[in-house]
Amino acid sequence: MHPDLSPVIAATAQWLTRAYPASGGALADALCEVQARQAVTVAARLRYPTAMDVALLGVAGPGGAARLDWITGADGASFADPDPDPDPGADAWRTWVDEVVASWAACLLTEPALAGPAVAALADGGPSAGTPVEFRRLLAPDESDRRAAALLRHPDLVAPVAALHHAQLLARLDPGQALVA
């Protein structure tokens with residue numbers, strides 16, 4: 001993986017787990033975070049497959065979480081503690097959220113039929129590609145994974161985010177299909 005994707009992956013996974021939190025304690029939080037991070041990692045690698053793509057992301061920036069917050073009905077206060085941090089930079093991580101990556105990750109989490117082809121597409125990408133074992137919680141979640149990420153994997157709850165860039169993900173996974181239609 002290109003190391004320059006790590007801020008986007010971390011911020012986008014954090015946004016997803018805050019927008020669709022786990023319930024059930026620390027273990028559930030950790031399992032939910034792992035699933036979000038795996039989905040976001042796959043989505044980011046698909047979205048930015050080359051070093052040039054990553055470099056352009058570094059110049060242009062990922063866009064931030066404002067539109068995602070608006071779509072989900074969240075505002076900055078909903079992500080804050082009851083006693084907001086007086087540090088104005090406390091939410092700076094939100095500028096690293098990538099809307100397309102969040103949407104694609106939501107698709108991968110809610111549509112298991114897309115997760116396999118997405119990871120397989122990474123395998124075609126060469127040395128930066130991941131292995132299915134690396135993405136086990138995304139590809140084959142067990143019952144504890146499903147319970148921990150019940151909100152994150154709920155198709156109806158995540159639909160507004162997943163629908164944003166669903167067509168682009170389908171085109172990325174099967175570029176020949178767009179020519180047939």
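Structural data are supplied above this passage.
Definitions and limits used
- Residues numbered from 1 in each chain as written.
- Predicted model: local features only at pLDDT ≥ 70, side-chain atom pairs only at ≥ 80, totals over all residues.
- Heavy atoms only, no water.
- Helix = DSSP H or I, 4+ residues; strand = E, 2+ residues; numbered from the N terminus.
- Buried < 20%, exposed > 50% of the residue type's maximum accessible area, 1.4 Å probe, protein only.
- Contact = heavy atoms within 4.5 Å.
- Areas by Shrake-Rupley, 256 points an atom, 1.4 Å probe, with all protein chains shown as cover.
- Salt bridge = Lys/Arg side-chain N within 4 Å of Asp/Glu carboxyl O.
- Phe/Tyr/Trp six-rings, centres within 6.5 Å; stacked < 30°, edge-to-face > 60°.
- Lys NZ or Arg CZ within 6 Å of the ring centre and 35° of its normal.

Chemist: How would you summarise the overall build of the protein chain if you had to cite specific residues and measurements?
Modeler: For the protein chain, the helix and strand inventory stands at 11 helices and 0 strands. N-terminal to C-terminal, the α/β element order of the protein chain is α-α-α-α-α-α-α-α-α-α-α. Counting all 181 residues of the protein chain, 40% fall into the buried class. In the protein chain, once contacts between residues fewer than 6 apart in sequence are set aside, the share between residues at least 24 apart is 83%. When the accessible area of the protein chain is evaluated, it comes to approximately 9,200 Å², of which 60% is carbon and sulfur surface.

Chemist: Mind laying out the pattern of salt bridges, listing which residues take part and the relevant values?
Modeler: Within this structure, the stated rule accounts for 7 salt bridges. With a shortest N-O distance of 3.8 Å, E143 and R146 are connected by a salt bridge. Here the residue E143 and the residue R146 both occupy positions in helix α8 (residues 143-148), the gap between them amounting to 3 residues, near one helical turn. On the basis of relative accessible area, E143 is assigned to the partly exposed category, the value being 45%. Residue R146 is classed as partly exposed on the basis of its relative accessible area of 42%.

Chemist: Could you give an account of the packing of aromatic side chains, naming the residues involved and the relevant values?
Modeler: Going through the model one piece at a time under the given rule, you end up with 1 aromatic pair. When the ring of W15 is compared with that of Y20, the centres are 6.4 Å apart and the planes differ by 80°; the resulting orientation is edge-to-face. In this structure, W15 and Y20 share a single accessibility class: buried. Geometry around W93 places R94 over its ring, the cationic atom sitting 5.6 Å from the centre.

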